[in-house]
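# Notes for the structure review
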Amino acid sequence: QVQLAESGGGVVQPGGSLRLSCVAHGSIDSIYAMGWSRQAPGKQRELVAAISNGGGTINYADSVKGRFTISRDNTKNTVYLQMNNLQPEDTAVYYCKGFGRIGREDSWGKGTLVTVSS
């Protein structure tokens, strides 16, 4: 399995920006893509962005299109989430996710809290 460690969360004012990072360790070959999910208090966890191992396929949730950008640096086994024009509804714990190949489980980080508040 892959171990994932997020960083970069914090408190930001509406309209501000943050960049999250997720470093992967372990059986990197067991996953075919990585992504970011978030879970706000009292809500279900939702996938906001995902990127394939080669970076050629990227998907975003409608709620973040045009504001969030996912990218990766395979030399560092790191995935980033650049979040711009943050709004209070973006407040959530953000989790890094590794999508497991067939027969392998998905991997999750422990999460990093993003709070958007004036």
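This text goes with the structure placed above it.
The paragraphs below set out a description of the structure included in this document.

## Some thoughts on the pattern of salt bridges
Taken as a whole and assessed by the stated rule, the structure comprises five salt bridges. Across the pair Glu-46 and Arg-38 runs a salt bridge, and its minimum N-O distance is 2.7 Å. Judged by its relative accessible area of 32%, Glu-46 falls in the partly exposed class. Judged by its relative accessible area of 6%, Arg-38 is buried. Of the charged contacts in the structure, one is a salt bridge between Arg-67 and Asp-90, with a shortest N-O distance of 2.7 Å. Note that Arg-67 is positioned in the loop between β6 (58-60) and β7 (68-73) and Asp-90 in the loop between β8 (78-83) and β9 (92-100), a separation of 23 residues in sequence. Classification of Arg-67 by relative accessible area gives buried; the value is 15%. Among the charged side chains, a salt-bridge network with shared partners connects Arg-38, Glu-46, Arg-67 and Asp-90.

## Brief notes about unusual backbone geometry
Unusually for a residue other than glycine, Asn-77 sits at a positive phi of about 50°. A relative accessible area of 31% places Asn-77 in the partly exposed class.

Reading guide: rules and limits
- Residues numbered from 1 in each chain as written.
- Predicted model: local features only at pLDDT ≥ 70, side-chain atom pairs only at ≥ 80, totals over all residues.
- Heavy atoms only, no water.
- Salt bridge = Lys/Arg side-chain N within 4 Å of Asp/Glu carboxyl O.
- Buried < 20%, exposed > 50% of the residue type's maximum accessible area, 1.4 Å probe, protein only.
- Helix = DSSP H or I, 4+ residues; strand = E, 2+ residues; numbered from the N terminus.

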